[in-house]
Amino acid sequence: MLRTTPVSILFALIVLLWTQPACAGGGPEYVLLVVNKNDPSSKTVANYYVEARQIPANNVLYLDWKLGDTYITVDQFRDELLSQIFKFLAKRKLIAQIDCIVYSSGFPYGVNFSADIPPQLANDQYNKFSTGSLTGLTFLYRAVLSKDATKYGGRAFHSNFYMRLRESKGGGIFELPIMSDGQYDQRQGFKLLEEVGIDPTSVGSHGFRNWYGWGPRGELLEAGGMQYALSAMLGVTSGRGNTVGEIVRYLRDSPPADGSYPRGTIYFMDNAADIRSTTRRAGFEMAVDQLDELGVKAQIVPGVVPQLRADVQGLLTGAPIVDWQRSGSSILRGAICENLTSYGAIFDINEQTPCTEFLKYGATGTSGTVAEPYAQQAKFPHAMIQVHYARGCDLVEAFYQSIYMPYQLLILGDPLCRPWANIPKVKVDGIEPQKPLSRVLALKPSATLPRGGECDRFELVIDGQRLAACAAGGTLEFDSAKCCDGYHQIRVVGFERSPIETQGVATIDAQFNNFGRTLEFAASPLRISGGRKIHVSIKCADIDGVVVYHNGQTIATIQGENGTADIDSVPLGDGPVTLSAMGWKDGREVVAAQPIKLLISNGLGGK
């Protein structure tokens, strides 16, 4: 395992590197996937997610995690997770590129931060339950690094400035958090626009970038402001979590929902007898009205869950027990289904319905609190989450734009799902498929968008690393001789000209040939079961040896210009696996082979 970095040094590193301008987000090129290398389920879930979302191998971190999958302390969170993550990002030159930190299964969902509570507030009512979520505290990483829970915990009533101000029914006013004697009062949370001096055109859904700074009214600032890291967890397999099969199913069902403009209905449940429902009932009409303006069907329905409905494209409800199976309703792919209740993401206690139940029955995203939250709207997604989603934001952006206090909220599912996104279709001129490339590449990108509009910029990503950018109509230039010979994956990412900045990508499998080297690489069998080994062979002139990789981690080394190796398939996890090979000479990478795709089914995924 990488060793601990002092928090002060870690924070300085982040400030130095992550505040450099980077125009990216919302796609696999800008995601870091964190995997528990000691957990077969974690590796299996990651394998399927890498395939489903085409996560670059450069963006996958395998941690030697041995601290369990339920709860850890905040010091362990800082030292054994955050520190290792940012050291990896710095090593891979990704700090300025990554917007979203995604955990596979096999990590703790709860973080005890009692050590960060000032002694004079130890008995404070807002610190009674001093447990935060893995995803919430990752999002608030800057505040967590301060070691002061008043900046991110129960007394940080508005810790998330990315939370978008909420347009009221009828327009002209916005709901704001009011803090009186340190308390959040939703009923008094209304101010006229002119009183707060906000330009109404600046308020609405917005894409996320790691370098963006946010002001206290949700305004995007050109300098300063609060910065965050989007975060989600793919699934939970411990306790009352999901099976690996269930997680794989909803992750694989998610990409086909992208840009599909689904015709289902989003349901807001009015469970009038329960404070879990009435806590956020006031926002329902506003959300339904705005969804209607977007052409998305939405209804306010009495009860806990919609009955006998085959078109559930989204759900907000509030009840201790949600019996979905008896409802006779069907959840459509891409749906966010969310329940305000106390034990939604507490998986080691069999009380109240866990949020994972929605994922079991087809939802793509959900959330729940990891400690008693009380009935505070500020700790749960506002009804506008469905509006942000329907405007084209991806799932994780929709979540964080709708919650003021995310420290207790665990977000589960596919963070990249975007059913209503206006996804650019990117075309690249200046490159011929199958033709070896040499010298300087001059790529001319363009794009069309299914719902009209245009791209305002493009980025060049090679082997997961962002290397160049240009405005619309410009040229992406890169000297291919800076890379070794052989296989490289070129991605040209186009960004929609809008606040949401939806992106589309053109992917090109290319062969570089500047130095006359080619590496032959073979593997068998291509389908592995029963714990069989993978036999690989290499052949290349004028090299010292070859390293074989899986998602950036070394799994075999072969000395010389010719050779073979037998690789144990068990440590790789089950599912689709891609092996790559890199030849080296004099300690330098000189040639890359065409990757090989395998399918492993050793029955290692757990339940």
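Residues numbered from 1 in each chain as written. Predicted model: local features only at pLDDT ≥ 70, side-chain atom pairs only at ≥ 80, totals over all residues. Heavy atoms only, no water.

Moving on: the packing of aromatic side chains. A complete count under the given rule lists 18 aromatic pairs for this structure. Ring geometry for Tyr 109 and Phe 347: centres 4.9 Å apart, planes at 85 degrees, overall edge-to-face. Taken together, the residues span a long stretch of sequence, with Tyr 109 in the loop between strand 4 (100-103) and strand 5 (110-112) and Phe 347 in the loop between strand 18 (331-339) and helix 10 (356-360) at a distance of 238 residues. Here Tyr 109 and Phe 347 have matching classes, each one buried. Here the aromatic cluster, defined as three or more aromatic residues joined through ring pairs, consists of Tyr 162, Phe 208, Trp 211, Tyr 212 and Trp 214. Here the basic side chain of Arg 451 rests over the ring of Tyr 261, its NZ or CZ set 3.5 Å away from the ring centre. Positioned above the aromatic ring of Phe 495, the side-chain terminus of Arg 457 is 4.1 Å from the ring centre. (Phe/Tyr/Trp six-rings, centres within 6.5 Å; stacked < 30°, edge-to-face > 60°. Helix = DSSP H or I, 4+ residues; strand = E, 2+ residues; numbered from the N terminus. Buried < 20%, exposed > 50% of the residue type's maximum accessible area, 1.4 Å probe, protein only. Lys NZ or Arg CZ within 6 Å of the ring centre and 35° of its normal.)

Turning our eyes to something else, we now look at helix 2 (residues 40-53). Along its 14 residues, helix 2 runs 20 Å from first to last C-alpha, staying within 8% of the 20 Å computed at 1.5 Å per residue. Buried residues dominate helix 2, accounting for 11 of its 14 residues. Among all positions in helix 2, only Ser 41, Ser 42, Lys 43, Thr 44, Val 45, Ala 46, Asn 47, Tyr 48, Tyr 49, Val 50 and Arg 53 are buried. The positive-phi residue at the C-terminal boundary of helix 2 is Gln 54, with phi of around 55 degrees. (Expected span 1.5 Å × (residues − 1).)

As enumerated under the stated definition, the model contains 21 salt bridges in all. Of the charged contacts in the structure, one is a salt bridge between Arg 418 and Asp 258, with a shortest N-O distance of 3.9 Å. Taken as a pair, Arg 418 in the loop between strand 20 (409-413) and strand 21 (425-429) and Asp 258 in the loop between helix 7 (244-253) and strand 15 (265-270) lie far apart in primary sequence, 160 residues in all. A relative accessible area of 17% means that Asp 258 is categorised as buried. For Lys 585, the salt bridge identified is with Asp 542, shortest N-O distance 3.2 Å. With a gap of 43 residues between them, Lys 585 in strand 34 (residues 575-585) and Asp 542 in the loop between strand 30 (533-539) and strand 31 (545-550) connect regions that are remote in the sequence. Overall, Lys 585 belongs to the partly exposed group, its relative accessible area being 22%. (Salt bridge = Lys/Arg side-chain N within 4 Å of Asp/Glu carboxyl O.)

Quick look at the pairing of strand 1 (residues 31-36) now. Of all six residues making up strand 1, six are buried, and the element is well covered by its neighbours. Along strand 1, one buried face is formed by Val 31, Leu 33 and Val 35 and the opposite face, lined by Leu 32, Val 34 and Asn 36, is buried too. Sheet analysis places strand 1 next to strand 2 (residues 60-63), joined by four bridges and oriented parallel. Its bridge partner lying in strand 2, Leu 33 is registered against Val 60. (Pairing = 2+ DSSP bridges.)

Further remarks concern the nonpolar core. Counting 123 residues, the largest nonpolar core has Phe 77, Tyr 103, Phe 268 and Leu 410 as the members making the most contacts within it. Ranked by the residues each element gives to this core, the list is headed by helix 3 (residues 74-91), at eight residues. Filtering out sequence-adjacent residues up to four positions away, Phe 268 remains in contact with Phe 284, Ala 287, Val 288, Leu 291, Ala 298, Gln 299, Ile 300, Val 301, Leu 316, Ala 383 and Gln 386. Core analysis: the second largest hydrophobic core is formed by 25 residues, Ala 523, Ile 534, Leu 579 and Ile 600 among them. (Core = buried A, V, L, I, M, F, W, Y, C linked by side-chain atoms within 4.5 Å. Contact = heavy atoms within 4.5 Å.)

Another aspect to go through is helix 3. Taking 1.5 Å as the rise per residue, helix 3 with 18 residues should run 26 Å; its terminal C-alpha atoms sit 24 Å apart, in good agreement. Of all the bends in helix 3, the largest measures some 30 degrees and sits at Leu 82. The set of residues buried in helix 3 consists of Val 74, Phe 77, Arg 78, Glu 80, Leu 81, Leu 82, Ser 83, Gln 84, Ile 85, Phe 86, Phe 88 and Leu 89. In the segment just after helix 3, Lys 93 is the residue with positive phi, at about 60 degrees. (Bend = angle between axes of the 7 residues up to and from the residue.)

Let us now look at the sheet that holds strand 6 (residues 131-133). Spatially, 3-5-6 is the arrangement adopted by the three strands of the open sheet, whose pairing is mixed. The open sheet has two edge strands with one neighbour each: strand 3 (71-73) and strand 6. Each strand axis lies, on average, 35 degrees off the axis of its neighbour in the sheet, ignoring direction. Two elements, strand 3 and strand 5, share three bridges in a ladder whose sense is parallel. The residue of strand 5 that forms the bridge with Tyr 71 is Gly 110. (Axes fitted to C-alpha atoms, helices over the stretch in contact; angles between N-to-C directions.)

Take the packing of helix 2 against helix 7 next. Where helix 2 contacts helix 7, the two axes come as close as 10 Å, and the packing angle between them is 15 degrees. As judged from the angle between their axes, helix 2 and helix 7 are roughly parallel. In the crossing of helix 2 with helix 7, the sense of the turn from one axis to the other is right-handed. Facing helix 2, whose interface residues are Ser 41, Thr 44, Val 45, Tyr 48, Tyr 49, Glu 51 and Ala 52, helix 7 presents Val 244, Ile 247, Val 248, Leu 251 and Arg 252. When the residues that make up the contact of helix 2 with helix 7 are grouped by side-chain class, the tally is eight nonpolar, two polar and two charged. (Parallel < 35°, antiparallel > 145°, perpendicular 65-115°, else oblique. Left-handed = near helix turned anticlockwise from the far one by under 90°. Nonpolar A, V, L, I, M, F, W, Y, C, P; charged D, E, K, R; others polar.)

It is worth spelling out the side chain of Asp 485 at this point. Following the sequence through the fold, Asp 485 ends up in strand 26 (residues 485-496). Buried and unpaired, Asp 485 has no salt bridge, with Arg 517 as the nearest side chain of opposite charge at 5.8 Å. In this structure the side chain of Asp 485 is engaged in a polar contact, spanning 2.9 Å, whose partner is the backbone nitrogen of Phe 515. Discounting residues that sit within four places of it in the chain, Asp 485 has contacts with Phe 512, Asn 513, Asn 514, Phe 515, Gly 516, Arg 517, Val 590, Val 591 and Ala 592. (Lys, Arg positive; Asp, Glu negative; His and termini not counted. Polar contact = N/O pair within 3.5 Å; in protein donor to acceptor, adjacent residues only side chain to side chain.)

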